[in-house]
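An overview of the molecular structure
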Amino acid sequence: MLDPLLRQAVTESGAYGGGIFLLPPGERTLWLAMVTGLPREFTTPWARIWLDANTPTALSLRERRLIWTAVGDLPRHYPESAVAAPYAFALADLPLIHGDHAWGVLLLLFPGDHPPQLTDAERHATHTAGERLIAALQEATDRGQPIRPEEQPRLALRHRNRRHPPEAAHAATDFAERLPGGCLAMNLSGKVTFVTRTAAELLDEPAHSLIGALPWEALPWLSDPVFEDRYRSVLFSRTPASFTALRPPDRWLTFELYPDASGISARITPAEVPADAPAGAPAISAGEPPGRLPSRSVPTRVGALYHLMRLAAVLTQAVEVNDVIDFATHPIMSAFGAQGLALLAVDNGRLRIIGHRGYPPEAIARLDGALLRTAPTPATRALNNGEATFYTNPHEMDRVYSGMSTLTGKAAWAYLPLIASGRPVGCFVLAYDRPRDFPPEDRTLLTSLSGLVAQALDRALFYDAQHQLVRRLQSGLLPGTLPHIAGLDVAARYLPATRGVEIGGDFYDLIDLDDTTCAATIGDVQGHNVTAAALMGQVRTAVHATAGTAPGEVLARSNRLVADLDPGLFTSCLYAHVDLADHRACLATAGHPPPLLRGTDGQVSVIDISPGPLLGIDPAADYPTTEVALPPGAVLLLYTDGLVERPGIDLGASIGDLASDFGRHGDQPLETLADTLLQVSSRHGTGGDDVAMLLISPTPL
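Residues numbered from 1 in each chain as written. Predicted model: local features only at pLDDT ≥ 70, side-chain atom pairs only at ≥ 80, totals over all residues. Heavy atoms only, no water.

At a minimum axis distance of 9 Å, the contact between helix α1 (residues 3-13) and helix α5 (residues 120-142) shows a crossing angle of 170°. The orientation of α1 with respect to α5, classified from their angle, is roughly antiparallel. On α5, the residues that touch Leu5, Gln8, Ala9, Glu12 and Ser13 of α1 are Glu122, Ala125, Thr126, Ala129, Arg132, Leu133 and Ala136. Residue composition of the contact of α1 with α5, by class: six nonpolar, three polar and three charged. (Axes fitted to C-alpha atoms, helices over the stretch in contact; angles between N-to-C directions. Helix = DSSP H or I, 4+ residues; strand = E, 2+ residues; numbered from the N terminus. Parallel < 35°, antiparallel > 145°, perpendicular 65-115°, else oblique. Contact = heavy atoms within 4.5 Å. Nonpolar A, V, L, I, M, F, W, Y, C, P; charged D, E, K, R; others polar.)

Right under this line is the structure:
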């Protein structure tokens, strides 16, 4: 149903190819449902795209807008995508969204000589195509027959524009035979569909053995991945290219490649010895006789190399253990055509399953937590032996581990031990629904992959341990619970934005002074390190020790303490003394963002307090105070700059936006209001710093 719509989108937009990604209900992964203009096998790296991945396709759906990636922009902005296709081409990704429903993404591919921008006509044609696809998807759903992607994407073949009579074929052959040099034609998949006698002679291979074959497989001297890469480059960029190759023992040939929508035409002519060619008529594979491949292995195919490179790029982004699971799962399953995956980590002498896909729950329950040294499972065996283990069918598996195929529902497995710095860190398992041979090339790639995953998992486990330690330290420095104060409703939030072993210096506190008074404080120590956290704890202690005196005096004493410590860090702080009987608050600030007050009428004002200097700058500084009415039902909002700071936006404007949001949502319960303000702030583009927030509202006594 969508095939003609995709072909129409490609034709009207001027693209040479494209695809349709669909988002199955309840999933966070885009599935490539169909493709045109490229061989299906080329699309494997993008068959599944995690919705949070750094790719233009995922980004277009997340941001609900057309994403145009000009020629050359892919490696700059989306390096993990460029690794799998390092060629000159452009692409447009249009989200297929109707109302709140996201259907998927339309992808269109443009040649390498496309101008930097989409033309108005191309943009209009792209949006029109998207509207047609949305209507078709909605119509199918309304009929009770929603369109779902299949396991492999469909290939939507483009129809020929012209039909030729049979005699034209003979005339075309005669024409090609008369041209100087040889002529060879390949379809989009690279298979030879036509070859002239002269081409066969130049290639020194019978024509019948070339038809239907890939040149780099039929001709051993073209097996170097460089030549396949040149073919891929022409196919992606749709611009002509050429290369020169040595036909053993001493014949150099030039190949000129000319692409179009149906395939590639190659012109083959004799060539002089290239100026940069090594002396002695070198072989493509170093150290071997001319034209002969090394007997120990077959050259790794370019597509497989790009899979590995792309996975390496993806795994370098993994910071936490969950990142390893999220980033690696779909690309690896897609690259190797697996239907099941499990990631296990060593934990106190056991193998714990920390992530899995495609396995039944009962299998996970049975296999999780196996003792590394004594439990007889394929994973423990592979890790104890330190060697990848492959089972090509259920019989092989059950012969060693009886009942494993029934338990898992799988028919072939690859168990890859994860070793980092000589230490076992876990095991990676790929599983298949049908029996599968693992040829030497696949085994080599999977073994290389296990090294990448091992390093990523080792880093992530270390990070998680450090991260947990840091967060425990930070939570210990912040109040575990706020005191219950009669006549006062309170909500507080702390949202860390730092990563790794960094620790922020934001803090807040609520201090119960007597039956009718309390103090609220909030502050931000410069920096994100242990020194900042320690200073934050000392400032909180100083404020506690002097709480109850005048707000200006509290800050003055805290300022002298920070100056005496001389930590080389400055601290902003705001202190409020709240009188619940008189319904008033007295405030002083040391360079902290101004608090906001939402009155009982719903109007929000920014409290204008004459600021004193940051704590630690001038030991003799004074801190003026400001008094405001705080009747029951009013809400006072104290916050740190992480809630409002946005790159390139004036801080005053950001505080104004916060005041507007506060006024719009301020009638919510305080706990709900706190969450709402964090969410709205995130949508405004903040999030580069820690956030502390304290909301207080008097209630009738």
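From this point, things continue past the structure.
Moving on: the packing of helix α20 (residues 651-665) against helix α21 (residues 670-683). Relative orientation of the contacting elements α20 and α21 amounts to 140°, with a least axis distance of 10 Å. On the basis of the axis angle, α20 is oblique to α21. Both α20 and α21 take part in a crossing whose hand is right-handed. Contacts between α20 and α21 involve Leu658, Asp661, Phe662 and His665 from the first element and Leu673, Thr676, Leu677 and Val680 from the second. (Left-handed = near helix turned anticlockwise from the far one by under 90°.)

Moving on: the sheet that holds strand β8 (residues 182-187). Within the open sheet, the five strands sit side by side as β9-β8-β12-β11-β10. Their pairing is antiparallel. Edge positions in the sheet fall to β9 (192-195) and β10 (241-247), since each of these pairs with one other strand and no more. The mean inter-strand angle of the sheet, taken between neighbouring strand axes irrespective of direction, is 25°. Where strand β11 (residues 251-260) lies against strand β12 (residues 263-270), eight bridges are found, and the strand directions are antiparallel. Residue Phe255 lies in a different strand from β12, and its bridge partner there is Ile268. (Pairing = 2+ DSSP bridges.)

Attention now goes to helix α10 (residues 225-237). With 13 residues, α10 extends 18 Å between its outermost C-alpha atoms, agreeing within 8% with the 18 Å of an ideal straight helix rising 1.5 Å per residue. Residue Arg238 follows α10 closely and has a positive phi angle near 55°. (Expected span 1.5 Å × (residues − 1).)

Our next topic: the pattern of salt bridges. Applying the stated criterion across every chain yields a total of 15 salt bridges. Arg197 serves as the salt-bridge partner of Glu177, at 3.9 Å between the closest nitrogen and oxygen. Placement of Glu177 in helix α6 (residues 166-178) and of Arg197 in helix α7 (residues 197-203) is noted, with a sequence separation of 20 residues between them. Looking at Glu177, the relative accessible area reads 19%, which means it is buried. (Salt bridge = Lys/Arg side-chain N within 4 Å of Asp/Glu carboxyl O. Buried < 20%, exposed > 50% of the residue type's maximum accessible area, 1.4 Å probe, protein only.)

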